[in-house]
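Chain by chain, the residues run as shown.
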Amino acid sequence: MTAALAGQGTLPAAAAAPPPTARGRRRRGSDRGVPRWQIYLPLGLYLLFTLVPFYWMLLFALRPAGSNALVPWPVTGEHFQKVWNERSFGIFFQNSMIVGVASLVMTTAVALAGGYALARFEFRIKKGFMLALLASQFVPGALMLVPLFEIFKNLQMINSLGSVVIAETVFQLPLSIILISGFIKNVPVSLEEQAWMDGCGRFRAFCAVVLPLLRPGLIAVGSFAFVHSWNHFLFALMFLSSQDKQTIPVGLNTLIGADSVDLGALAAGGVIAAVPVVIVFAFIQKWLITGFSAGAVKG
């Protein structure tokens, strides 16, 4: 009745819908979400907890030897020159790059084929195969070192970068296949069927229609494979014996002596090892989040 009278002009508009009080505004504001400080404070503490070790590493890498200053001034590059030239980190960096890129390519290619098969075809052991892929994630790599070593020894691949690439690819394939399979399931089959009706074969239709839509998933899987291979220590330590074949994680281990540790050189080596990973994540973070979230929607 009040609304009708207000519409007829008997009552003023303000009487029909009284403005909310300050207490009501505060209550509705608190219902919409938590206060900002409850979000920013934990994020700030986590950011501080994450960045302090990086600053400490940069501090030891950039300040002169024997200095105890909390600010790296004057800045020096002697530690970087020492590890790059005297400790053969230039060779280690090259070997790590070869292993990382080769593992990226092989993991992405095989996972793409396996993921498409799981997403588009039905066969009897499909559920069992998926269960086996998931179960393989619980097997630590250390348990497979002896069998892998015997296999590579019989193939005469010990002290070869190819052995590390194969081992890295095999251990990254289960998760990569699962992610790619989930991402392909999000692509409608009708898109491929239309390409088939236009005269395309399955492979050509996949390359022309499906593959361009898989870019976030491929970037996510490839970046994960590269970073894992770049940082992995165990396989390179066990399968590579000569110094000219070592990778950066093993090179960092050589900087730790039995009686003393050169903290400046160790910090400089850590910075060199971290730079490629930081660059990769800085450029692909948007595609990485999209790829992992899309691949986890459907299993």
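Coordinates for the structure precede this section.
Let me sum up the structure you'll find in this document. Source: prediction; values computed, not measured.

Here the focus is the overall build of the protein chain. Assigned secondary structure in the protein chain consists of 15 helices and 0 strands. Sorting the 299 residues of the protein chain into buried and exposed places 33% on the buried side. Counted over contacts in the protein chain with a minimum sequence separation of 6, partners at least 24 positions apart contribute 72%. Summed over all atoms, the accessible surface of the protein chain reaches about 18,200 Å², with 68% contributed by carbon and sulfur.

In the structure shown here, the tally under the stated rule is 10 aromatic pairs. Aromatic pair F171 and F235: ring centres 5.3 Å apart, planes at 45°, arrangement tilted. Residue F171 is found in helix α9 (residues 161-185), and its partner F235 is found in helix α13 (residues 234-239); the two are separated by 64 residues along the sequence. Taken together through their ring pairs, the aromatic side chains of W84, F93, F226 and W230 make up a single cluster. Looking at R63, its charged tip hangs above the ring of F60, at a distance of 4.5 Å from the centre.

This part takes up the layout of surface pockets. Reported here for the largest pocket is a volume of approximately 330 Å³. Lining the largest pocket are 15 residues, and of these S136, V139, V170, F171 and Q172 sit closest to its centre. Listed by contribution, the elements that provide at least two residues to the lining of the largest pocket are α9 and α12 (215-231). For the lining of the largest pocket, the residue count by class is 9 nonpolar, 6 polar and no charged.

With that out of the way, let us pick up empty space enclosed by the protein. Evaluated as defined, the whole model comprises 1 cavity of 30 Å³ or more. Estimates place the volume of the largest cavity at around 50 Å³. The wall of the largest cavity is formed by S96, V99, V164, E168, S229, W230, H232, A236, T247 and P249. If you list the elements that add at least two residues to the lining of the largest cavity, you get α6 (89-120), α9 and α12. Class assignment for the residues of the lining of the largest cavity results in 5 nonpolar, 4 polar and 1 charged.

As a further point, take helix α4 (residues 36-62). Here α4 spans 37 Å end to end across 27 residues, near enough to the 39 Å set by a 1.5 Å rise per residue. At L51, α4 shows its maximal kink, close to 25°; a proline, P53, follows between one and four residues later. Among the residues making up α4, those that are buried are L59, F60 and A61.

With that out of the way, let us pick up the side chain of T107. Among the structural elements, T107 can be located in helix α6. Taking the relative accessible area as the measure of exposure, T107 reaches 0% and is therefore buried. Those residues in contact with T107 that sit more than four places away from it in its chain are T169, Q172, L173, S176, V221 and A225.

In terms of nonpolar packing, the biggest core is built from 20 residues, with L112, L133, I177, I180, I184, F206 and L214 touching the most fellow members. For this core, the leading source of residues is α9, giving 7 residues.

This next bit is on the pattern of salt bridges. Applying the stated criterion across every chain, the model contains 2 salt bridges. Residue R120 is joined to E192 by a salt bridge in which the shortest nitrogen-to-oxygen separation is 2.6 Å. Taken together, the residues span a long stretch of sequence, with R120 in helix α6 and E192 in helix α10 (residues 189-197) at a distance of 72 residues. Each member of the pair, R120 as well as E192, is classed as buried. Two residues, K126 and E122, come together in a salt bridge whose shortest N-O distance is 3.3 Å. Under the relative-accessibility criterion, K126 is labelled buried at 12%.

Moving on to a nonpolar patch on the surface. Taken together, Y55, W56, L70, V71, W73 and V75 make up a surface patch of nonpolar side chains, about 710 Å² in accessible area. With respect to the helices, strands and loops of the structure, W73 is situated in the loop between α4 and α5 (78-86).

Cut-offs used in this document
Residues numbered from 1 in each chain as written. Predicted model: local features only at pLDDT ≥ 70, side-chain atom pairs only at ≥ 80, totals over all residues. Heavy atoms only, no water. Helix = DSSP H or I, 4+ residues; strand = E, 2+ residues; numbered from the N terminus. Buried < 20%, exposed > 50% of the residue type's maximum accessible area, 1.4 Å probe, protein only. Contact = heavy atoms within 4.5 Å. Areas by Shrake-Rupley, 256 points an atom, 1.4 Å probe, with all protein chains shown as cover. Phe/Tyr/Trp six-rings, centres within 6.5 Å; stacked < 30°, edge-to-face > 60°. Lys NZ or Arg CZ within 6 Å of the ring centre and 35° of its normal. 1 Å grid on protein atoms, 1.4 Å probe; cavity = no way out; pocket = protein on both sides within 12 Å on 5 of 7 lines; lining within 4 Å. Points joined across faces, edges and corners; volume = space filled by probe spheres on them. Nonpolar A, V, L, I, M, F, W, Y, C, P; charged D, E, K, R; others polar. Expected span 1.5 Å × (residues − 1). Bend = angle between axes of the 7 residues up to and from the residue. Core = buried A, V, L, I, M, F, W, Y, C linked by side-chain atoms within 4.5 Å. Salt bridge = Lys/Arg side-chain N within 4 Å of Asp/Glu carboxyl O. Patch = residues over 30% accessible without salt bridge, like charges linked within 9 Å, V, L, I, M, F, W, Y side chains within 5 Å.

Spatial relationships are all this shows, so hold off on functional conclusions.
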